[in-house]
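Architecture at a glance
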Amino acid sequence: MPAAAVFTMDARIVIEMVFVVAEVSVGTQWKYLAASIVCAMAVASGAKADDAQVARVTLDNGLRVVVVRDALAPVVTTEVNYLAGSDEVPAAFPGTAHAVEHMMFRGGPGLSKDQLAAIAANMGGAFNAQTMQSATQYYFVTPTQDLDVALRVEALRMRGIDVADAEWDKERGAIEQEVSRDLSSPDFKFYTQMLGQMFAGTPYAHSPLGTRESFDKTSAAMLKQFHDTWYAPNNAIMVIVGDVDPQETVAKVKAQFGDLPRKDLPARASFSFTPVQARTVRLPTDSPYGSVYLGYRLPGARSKDYATSLVLSGALGSQRAGLFGMGVDGTALFGGFFQDPLPEAGIGMAVGVFPAGGDAQPVLKRMQSILADAASKGIDPALVDAAKRKAIAELEFKKNSVEGLANAWSDALVMHGLASPDAMKQAIEAVTPAQVNALAKASFDPAHAITAILTPEKSGKPAEGKGFGGAESLAGSPDKPVALPAWAEQAFAKLDMPRSMLHPVSYTLANGMRLIVQPESVSDTVEVMGRVQTNADLQTPKGQDGVGEVLEGLFQFGSTELDRMQFQQALDAISADETAGANFSLRVPSGNFAQGMKLLADNELHPALPRQAFVLVQRQQAGIWSGTIQSPDFLDELGMYKALLPATDPQLRHATPQSVMSLTYDNVKDYYARTFRPDMTTLVVVGKVEPAEAKRVVEEAFGAWKAQGAKPEVDYPAVPANKAAQLHTPDSSAVQDSVRMSQMIDVTRDDDARFALNLGNEVLGGGFYASRLYRDLRDTSGLVYTVDTDFDLEKHRGRYTVSFGADPGKVEAARAVVLKDLKQMQGEPVADTDLQRAKGILLRRVPLSEASFDSIGNQLLTYAERGQPLDQGLVAAKHYLELTAPQVQQAYASHIRLDGFVTAVKGPAPKP
């Protein structure tokens, strides 16, 4: 079973992602929040405004264009930012901009809905959008070879869209499913209430998501009017980042967008903020732990004080600060601080986490005390200095992703109103401790705080379902191939083996540790990803379930040489981020690589494991498990595993509060000694460092590490096919059902059959807008908002899953569509056009997988652990090119059982 949450040094990411669902943008999984929510990541820089690799131009029609060259991979990101979001919507129709975003994917003059879907799928990368308060962004992430296609698509969509009543009626169903999904989150419910209280009387008082009631009253004519009013070249900013020539790309933009006419834009809404009135919100949550939030209004992204706010948030969120300290002194499971900036105002949020059944009041009082001290006594200047250095370091780290660098430029131009991201660096450098203290004093007034307490509630146990069937008959996806425009047909006509830019160097150290180095020069940084292959279900002694989680929680207490505070201070001094444990990582400026590796090895090989901290972490983990085993997510997952696996399968193991509290300190030390071995460890280095130098540094840091005894078994054994079953897990906080249809299959990660299944998966569930399931479940019927399909193939076992979210009354109909489309995959060969598109998608994923240090490192780590060649992506591409439609049909007929699904539904209790 998956482990319960472990709140370690990196736990602020976990907690912030709990709050991600409450982010104000909609449409794509909160893309901007990843760039702004962590204290020092709100704005990042790549190239400077005067860099020769940057081209900037404003066309005669007012379209502002920025092109930045990033040669990390043959990939390009295009982002068209329309300066119109939920700020511009009509009164009582908060989701209008969001609805227009949806309709932009249903085609328009010169490009039908089906053509748009097929083109986007053929490109193989990301094609999506997000609606924010002040803007709506449409973006492609695609191989550079498809840049011309992306530009042509966006130019056509800027000219106009089709907003017929019939099309809006279909899309309304999908968008209302999205609303139901988000309203199933207690965090989102709190966030919407907080917006209304914190920004009353302004456009920020509502989220861009919209409501089902307002969508029911929205007409197609209203949506067309919004598009025709605000979607204009003189109301848009286009950002293009990738392996392109900036000047040549500007010429391409002029050719596609230059003849679009300017429009007269209406006046925009004004903002006049009134003082926030203190309020406390109490809500139940289906989370296995409770949360306390303290929200305050902070300066907006366009404020002269924004850089000060950024540094303030970074200092308060530091692992050396009081809020984080709550998680290591027993007050809370975790504490931290983050900010969510909007253009005209921002939100600063302190968070504390408490166990299910615990008391929120001590956590709340401690948080209030810490922020009161920050307001009255100021913040430690050392933390201010560290936050500034870390924020500036983030500017360089943003170059390590093509898409991330594009986001940084859009963020700077659109959200912050800056000429370039580089301007933020100067503002950060100018921030003083006195300015930070003044902002803290002005902001953290308890009379203007919004407080929220989310308390876990128990879920009912999974119950056997009543079965599914008798659903209405729904039309399938089009049988006829989609005829593409000539310019698109030509772009996708020929399939070639993809080109990889990776040339990793691999070493095996004397102690058996595997080291892989991929040199990259796009930034002056190095990122390290590593993993010790362990499996707690197979390696934990009987009666000691939970020992692995307790061990993971102890790595945050430093090393035998440096205690927690000293260790973090050493990391801050070199502007590095580090995590230790079975999964470990390091991000560090390249000039500090050796120092960073020494600290990582010290933490990984000589963890302090203080005895007094063991008692604290043990108590915390027992509290987490107390809530986890009663949470709907856990009960749903456990019910699924019990239906899929034999009763004695090790994957059914999980901790309990009792098993955790029965652990001894020696149990934890023994587990560490047995499971952490160099010959079970792989370390990947990506960045500005030569392989020989990386090897020297790693050998110096990790070379003395030795393994004892024979290598352990860490892969689950094979299992027989499961029987069909249905189960339902009540979740009283949800308004939508989360559905998974899953079965064990006789295919593993090394079977050649996986290639045909993966190729067929792109036809059935991949390709987003062009997949059969997407068209049948969302586009045609509006039964779901999203649908996902996944093959989880391990060394000895495999699993296939289809998942979707739907209103309770639509689950049976959606499940019937899934089975119908699977039956079609088994009964007839896929069309040549579908097969060609699926192959193109998978081939294009080779360069797309190399578009960030993180994706490079993780794929090399995965290939190494599986014993596969480091160019496995190219090996797979060769198989995909050679596969035929009958082979795909045969794979689905041989390995997927239509009568073998376990269907697990988590959502509102069924009505009697």
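Being a predicted model, the structure only gives us computed values, none of them experimental.

Its identity is not glycine, yet Ala 92 carries a phi of approximately 75°, on the positive side. Position of Ala 92 among the secondary structure elements: in the loop between β3 (75–82) and α3 (96–103). Judged by its relative accessible area of 66%, Ala 92 falls in the exposed class. Of note in the backbone geometry, Leu 609 takes a positive phi value of approximately 45° without being a glycine.

Scored by pLDDT, the protein chain has a mean of 90; 91% of the residues are at 70 or more. Note that pLDDT drops below 50 for residues 7–50; the model gives that stretch 157 contacts with residues more than four away or on any other chain.

Moving on, we get to the sheet that holds strand β10 (residues 289–299). Taken in spatial order, the five strands make up an open sheet running β9-β13-β10-β12-β11, and their pairing is mixed. Each edge of the open sheet carries a strand with a single partner, namely β9 (279–285) and β11 (334–341). Along the sheet, successive strands turn relative to each other by an average axial angle of 20°, direction set aside. Where β11 meets strand β12 (residues 345–355), eight bridges bridge the pair, whose relative direction is antiparallel. Residue pairing across strands places Gln 339 opposite Gly 348, the latter belonging to β12. Strand contacts of helix α12 (residues 322–329): β11 and β12, with the helix running at about 150° to β11, the strand carrying the most contacts.

As a further point, take the sheet that holds strand β6 (residues 126–131). Reading across the sheet, the six strands line up as β1-β2-β8-β3-β7-β6 and stay open at both edges, with mixed pairing between neighbours. Unpaired on one side and paired on the other, β1 (54–58) and β6 mark the two borders of the sheet. Between one strand axis and the next, the sheet turns by 10° as a mean value, whatever way the strands run. Sheet topology places β3 next to strand β8 (residues 236–242); seven bridges connect them, and they run antiparallel. Looking across to β8, one finds that Val 76 is bridged to Gly 242. In this fold helix α10 (residues 246–257) packs onto β1, β2 (64–69) and β8, with an angle of close to 25° to the strand it touches most, β1.

On to the nonpolar core, then. Of all hydrophobic cores here, the largest spans 82 residues; its most connected members are Phe 190, Phe 593, Met 597, Leu 683 and Phe 702. Among the elements that make up this core, the one with the highest residue count is helix α23 (residues 611–628) (seven residues). Apart from residues lying up to four places away in sequence, Leu 683 is in contact with Met 513, Arg 514, Leu 515, Ile 516, Val 528, Met 529, Gly 530, Phe 584, Met 597, Val 698 and Phe 702. One finds Val 80, Met 103, Ile 175 and Ile 240 within the second-largest nonpolar core, a separate group that totals 58 residues.

Contact pair helix α11 (residues 306–316) / helix α17 (residues 433–443): the axes reach a minimum separation of 9 Å and the direction vectors enclose 85°. By the angle between their axes, α11 is roughly perpendicular relative to α17. When α11 is examined against α17, the residues Thr 308, Ser 309, Val 311 and Leu 312 are found in contact with a partner set consisting of Gln 435, Val 436, Leu 439 and Ala 440. Residues of the contact of α11 with α17, tallied by class, amount to five nonpolar, three polar and no charged.

Buried residues dominate α12, accounting for six of its eight residues. Those residues of α12 that fall on the buried side of the exposure criterion are Leu 323, Phe 324, Gly 325, Met 326, Gly 327 and Val 328. Among the structural elements, α11, β11, β12, α13 (360–377), α21 (564–573) and α23 are those in contact with the buried residues of α12. A positive backbone phi angle near 95° is found at Gly 330, which sits one or two residues after α12.

Along β11, eight of the eight residues are buried, which leaves the element largely enclosed by surrounding structure. Side-chain alternation along β11 places Phe 334, Gly 336, Phe 338 and Asp 340 on one buried face and Gly 335, Phe 337, Gln 339 and Pro 341 on a second face that is also buried. In textbook terms, the turn of a hairpin is the stretch between consecutive antiparallel strands, and for β11 and β12 this stretch comprises three residues.

Along any regular strand, the residues point their side chains to alternate faces of the sheet. Of the strand pairs in this sheet, strand β15 (residues 505–508) and strand β16 (residues 514–519) are connected by four bridges, and their pairing is antiparallel. Its bridge partner lying in β16, Val 505 is registered against Val 517. The loop that links β15 with its antiparallel partner β16 comprises five residues; one of these, Gly 512, has a positive phi angle of about 95°. With six bridges joining them, β16 and strand β20 (residues 681–687) adopt parallel strand pairing. Along β20, the bridge assignment pairs Pro 519 with Gly 687.

Under the definition given, this model contains 43 salt bridges. A salt bridge links Arg 69 to Asp 243; the shortest N-O distance between them is 3.3 Å. On the criterion of sequence distance, the pair formed by Arg 69 in strand β2 and Asp 243 in the loop between β8 and α10 is long-range, its members being 174 residues apart. Here Asp 385 and Arg 389 are joined by a salt bridge, their closest N and O atoms 3.1 Å apart.

Here we come to the packing of helix α28 (residues 753–764) against helix α31 (residues 832–848). Here α28 crosses α31 at 110°, and the two axes come no closer than 9 Å. Here α28 is positioned roughly perpendicular relative to α31, judged by the angle of their axes. Taken as a pair, α28 and α31 cross one another with a handedness that is right-handed. Side by side, α28 and α31 meet where Asn 758, Leu 759, Glu 762 and Val 763 of the first sit next to Asp 834, Leu 835, Ala 838, Lys 839, Ile 841, Leu 842 and Arg 845 of the second. Considered class by class, the residues forming the contact of α28 with α31 number six nonpolar, one polar and four charged.

Quick look at the side chain of Arg 740 now. For Arg 740, the position within the fold is in strand β22 (residues 737–745). Here Asp 636 takes part through its side chain, which lies 2.8 Å from a polar atom of the side chain of Arg 740. There is a polar contact of 2.7 Å between the side chain of Arg 740 and the side chain of Glu 637. For Arg 740, the residues in contact, after removing those within four places along its chain, are Asp 636, Glu 637, Met 640, Arg 799, Thr 801, Val 802, Ser 803, Val 902, Thr 903 and Ala 904.

Turning next to the environment of Tyr 785. Within the fold, Tyr 785 resides in the loop between α29 (772–779) and β23 (787–793). Linking Tyr 785 and Asp 165, residues 620 residues apart in sequence, is a C-alpha distance of 19 Å.

This brings us to the side chain of Gln 736. Checked against the element boundaries, Gln 736 lands in the loop between β21 (725–730) and β22. You can call Gln 736 buried: its relative accessible area is 7%.

It is worth spelling out the packing of aromatic side chains at this point. Taken as a whole and judged by the stated rule, the model has 27 aromatic pairs. Relative to Phe 702, the ring of Phe 584 has its centre 6.5 Å away and its plane inclined at 25°; by these criteria the two rings are stacked. With Phe 584 in strand β19 (residues 583–589) and Phe 702 in helix α27 (residues 691–702), the pair connects residues that are 118 residues apart, well separated along the chain. Both residues of the pair, Phe 584 and Phe 702, count as buried. Judged by centre distance (4.9 Å) and plane angle (35°), the ring pair of Tyr 672 and Phe 676 falls under tilted. The class for Tyr 672 is buried, based on a relative accessible area of 13%. A relative accessible area of 5% means that Phe 676 is categorised as buried. Within the aromatic cluster, the residues linked to one another by ring pairs are Tyr 82, Phe 105, Phe 127, Tyr 138, Phe 140 and Tyr 231. When the ring centre of Phe 105 is taken as reference, the NZ or CZ atom of Arg 157 above it lies at 4.8 Å. Over the aromatic face of Phe 397 sits the side chain of Arg 587, whose NZ or CZ is 4.2 Å from the ring centroid.

Turning next to the environment of Ser 500. Relative to the helices and strands, Ser 500 is located in the loop between α18 (486–492) and β15. Sequence spacing of Ser 500 and Val 846 is 346 residues, and the spatial spacing of their C-alpha atoms is 6.8 Å. Beyond its immediate stretch of four places on either side in the chain, Ser 500 contacts Val 846, Glu 850 and Leu 874. Reaching out from Ser 500, the side chain makes a polar contact with the backbone nitrogen of Leu 502 at a distance of 3.2 Å. In this structure the side chain of Ser 500 is engaged in a polar contact, spanning 2.6 Å, whose partner is the side chain of Glu 850.

About the cut-offs
Residues numbered from 1 in each chain as written. Predicted model: local features only at pLDDT ≥ 70, side-chain atom pairs only at ≥ 80, totals over all residues. Heavy atoms only, no water. Helix = DSSP H or I, 4+ residues; strand = E, 2+ residues; numbered from the N terminus. Buried < 20%, exposed > 50% of the residue type's maximum accessible area, 1.4 Å probe, protein only. pLDDT = per-residue confidence, 0-100. Contact = heavy atoms within 4.5 Å. Pairing = 2+ DSSP bridges. Axes fitted to C-alpha atoms, helices over the stretch in contact; angles between N-to-C directions. Core = buried A, V, L, I, M, F, W, Y, C linked by side-chain atoms within 4.5 Å. Parallel < 35°, antiparallel > 145°, perpendicular 65-115°, else oblique. Nonpolar A, V, L, I, M, F, W, Y, C, P; charged D, E, K, R; others polar. Salt bridge = Lys/Arg side-chain N within 4 Å of Asp/Glu carboxyl O. Left-handed = near helix turned anticlockwise from the far one by under 90°. Polar contact = N/O pair within 3.5 Å; in protein donor to acceptor, adjacent residues only side chain to side chain. Phe/Tyr/Trp six-rings, centres within 6.5 Å; stacked < 30°, edge-to-face > 60°. Lys NZ or Arg CZ within 6 Å of the ring centre and 35° of its normal.

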